[in-house]
Amino acid sequence: LKTEPAVSGDGRKIGLLANVELPDDSKEAAEVGAEGIGLYRTEFLYMNREEMPGEEEQLAAYRRVLRAMEGPVTIRTLDLGADKTLGQGRGQATSSNPALGLRAIRLCLKETDLFRVQLRALLRASAEGDVRVMLPMISNIQELRQTRHLIDELMTELKAQGLPFNPNLPVGAMIEVPAAALAAPLLARYADFFSLGTNDLIQYTLAMDRVDDEINYLYDPLHPAVLRLIKLTIDAGAAAGIPVAMCGEMASDRRYTRLLLGLGLTEFSMHPANILEVKRLIMQSDVAALARRVDDILTSTDALEYRELLDLSLIHI
Ligand code: PEP
Ligand code: MG
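Residues numbered from 1 in each chain as written. Chains lettered and ligands numbered in written order. Predicted model: local features only at pLDDT ≥ 70, side-chain atom pairs only at ≥ 80, totals over all residues. Heavy atoms only, no water.

**Side note on the overall build of the protein chain**
Helices and strands together make up the secondary structure of the protein chain, namely 13 helices and 8 strands. Whereas a compact globule of 317 residues would reach a radius of gyration of roughly 20 Å, the protein chain reaches 19 Å, a difference of no more than 12%. By principal-axis analysis of the C-alpha atoms, the protein chain measures approximately 60 × 45 × 35 Å. In the protein chain, buried positions account for 52% of the 317 residues. (Helix = DSSP H or I, 4+ residues; strand = E, 2+ residues; numbered from the N terminus. Rg over C-alpha atoms; globule rule 2.2 N^0.38 Å. Buried < 20%, exposed > 50% of the residue type's maximum accessible area, 1.4 Å probe, protein only.)

**Observations concerning helix 8 (residues 198-205)**
For helix 8, a buried count of 7 out of 8 residues is recorded, marking the element as mostly surrounded by other parts of the structure. Those residues of helix 8 lying buried are Thr198, Asn199, Asp200, Leu201, Ile202, Gln203 and Tyr204. Of the surrounding elements, those touching the buried residues of helix 8 are strand 2 (37-41), strand 5 (171-175), helix 6 (178-182), strand 6 (194-196), helix 9 (224-240) and strand 7 (244-246). Two residues or fewer after helix 8 comes Ala207, characterised by a positive phi angle close to 50°. (Contact = heavy atoms within 4.5 Å.)

**Some words on the packing of aromatic side chains**
On inspection of all chains with the given rule, the structure shows 2 aromatic pairs. With a centroid separation of 6.2 Å and an interplanar angle of 25°, the aromatic rings of Tyr40 and Phe44 are classed as stacked. Since its relative accessible area comes to 0%, Tyr40 is described here as buried. Each ring, one from Tyr40 and one from Tyr62, has its centre 6.0 Å from the other, and the planes form 90°; the classification is edge-to-face. Residue Tyr40 is found in strand 2, and its partner Tyr62 is found in helix 2 (residues 55-68); the two are separated by 22 residues along the sequence. (Phe/Tyr/Trp six-rings, centres within 6.5 Å; stacked < 30°, edge-to-face > 60°.)

**Comments concerning the coordination of the magnesium ion (ligand 2)**
Here the magnesium ion (ligand 2) is held by the protein donor atoms Glu176 (OE) and Asp200 (OD), which lie 2.0 to 2.2 Å from it. With Glu176 in the loop between strand 5 and helix 6 and Asp200 in helix 8, this residue pair connects regions lying 24 residues apart in the sequence. We note that Glu176, like Asp200, is buried. (Donors = N, O, S within 2.8 Å, 3.2 Å for Na, K, Ca; no water.)

**Focus on the pairing of strand 5**
Regular strands place their side chains on alternate faces of the sheet. Buried residues dominate strand 5, accounting for 5 of its 5 residues. A two-sided burial pattern is seen for strand 5, the buried positions comprising Val171, Ala173 and Ile175 on one face and Gly172 and Met174 on the other. Note that the unit made of strand 4 (residues 131-135), helix 5 (residues 141-160) and strand 5 has a crossover that is right-handed. Taken together, the 3 bridges between strand 5 and strand 6 define a ladder with parallel strand orientation. What sits directly across from Ile175, in strand 6, is Leu196. (Right-handed = clockwise from strand over helix to strand, strands pointing away. Pairing = 2+ DSSP bridges.)

**Considerations on the site of ligand 1**
In the region of ligand 1, 14 residues are neighbours, and Arg41, Lys84, Gly197, Asn199 and Arg210 sit closest. One of the backbone nitrogen or oxygen atoms of Asn199 is found 2.7 Å away from an oxygen atom of ligand 1. Contact with the protein chains hides 99% of the accessible area of ligand 1, taken as 290 Å² for the molecule alone. Of all the elements, helix 8 adds the most residues to the shell around ligand 1, at 3 residues. Across the shell around ligand 1, the residue classes break down as 3 nonpolar, 4 polar and 7 charged. (Near = heavy atom within 4 Å. Polar contact = N/O pair within 3.5 Å; in protein donor to acceptor, adjacent residues only side chain to side chain. Areas by Shrake-Rupley, 256 points an atom, 1.4 Å probe, with all protein chains shown as cover. Nonpolar A, V, L, I, M, F, W, Y, C, P; charged D, E, K, R; others polar.)

**Re the packing of helix 4 (residues 112-125) against helix 5**
Angle between the axes and distance between the axes are the two parameters that describe a pair of packed helices. One can describe the packing of helix 4 onto helix 5 by two numbers: an axis separation of 10 Å at closest approach and a directional angle of 60°. One element, helix 4, and the other, helix 5, form an angle in the oblique class. The handedness of the crossing between helix 4 and helix 5 is right-handed. Across from Thr112, Phe115, Arg116, Leu119, Arg120, Leu123 and Arg124 in helix 4, the residues of helix 5 making contact are Thr147, Leu150, Ile151, Glu153, Leu154, Met155, Glu157 and Leu158. For the contact of helix 4 with helix 5, the class distribution of residues is 8 nonpolar, 2 polar and 5 charged. (Axes fitted to C-alpha atoms, helices over the stretch in contact; angles between N-to-C directions. Parallel < 35°, antiparallel > 145°, perpendicular 65-115°, else oblique. Left-handed = near helix turned anticlockwise from the far one by under 90°.)

**Looking at unusual backbone geometry**
For Met137, which is not glycine, the phi torsion reads 60° and is therefore positive. Along the chain, the position of Met137 falls in the loop between strand 4 and helix 5. Residue classification places Met137 among the buried positions, given a relative accessible area of 1%.

Scope: geometric values only; no functional claims are made or implied.
What follows is the structure in structure tokens.
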């Protein structure tokens with residue numbers, strides 16, 4: 001199974017990539033046959049320390065992942081704030097509503113000195129392998145344009161210094177805010193790819209704090225609003241001709257594999273431990289038939305029937 005390609009029963013090639021948090025996790029990913037890294041969370045570089053990591057240190061970490069993995073390596077820029085804080089330093093909640101505050105791309109675009117160091121390290125790493133840059137918590141076009149502008153500036157700087165980089169470095173947007181999913185057809189013009197971050201997308205869509213145990217019963221990947229936003233994003237990517245992946249936990253849960261295939265998802269990124277189980281299911285699935293079933297379910301106007309159909313025809317088969 002590790003070496004088999006992930007192809008559905010009706011011949012669709014599905015991408016199976018890994019989520020990693022530490023550079024060494026990529027070895028485990030390569031061992032289970034992941035085709036690349038779909039989400040490399042870089043927060044570990046910044047946590048439990050006083051000084052922020054410099055360009056060389058970051059470059060060394062990115063190189064380690066590139067060496068361990070042959071396929072594409074999607075590196076997410078710093079996603080600090082809300083559930084990911086540094087303790088004493090940056091990213092500490094000062095707002096009464098940190099999940100809606102200065103976090104992720106918002107923090108990076110405000111503290112551009114911090115962001116520049118990471119982007120320079122990413123650009124330099126891009127000379128040595130298939131690096132893709134992924135921006136967390138994008139909620140509008142301006143954030144994408146500003147980041148691209150910054151990257152252009154840094155490319156000029158690196159060129160002047162004689163340092164190599166990939167001039168066509170792909171820059172993608174995480175779709176994890178409902179506004180981004182709803183505006184996906186417009187964002188697609190400024191993004192080279194999308195990746196659905198369902199952990200946050202579900203939190204923001206259902207107005208439920210993902211780390212609040214008292215309301216975790218509201219965390220529902222099958223909520224019709226969530227599925228509609230996922231579908232909108234996948235369709236927008238297809239219309240614009242850019243790839244759409246999913247790197248939130250929903251992609252790693254085999255209960256949802258058939259549903260996601262039916263929604264048109266062609267790239268899944270997950271913890272390496274789940275890759276083989278999901279691959280087996282993909283190989284047993286008929287994507288065209290699943291797409292017809294999902295269409296019927298999403299157009300159902302009866303809430304009970306909606307849930308029952310989902311359970312019976314996609315989740316428990
Ligand atoms: C997500 O939000 O789904 C995601 C993949 O990112 P994180 O869990 O790191 O916020
Ligand atoms: Mg997220």
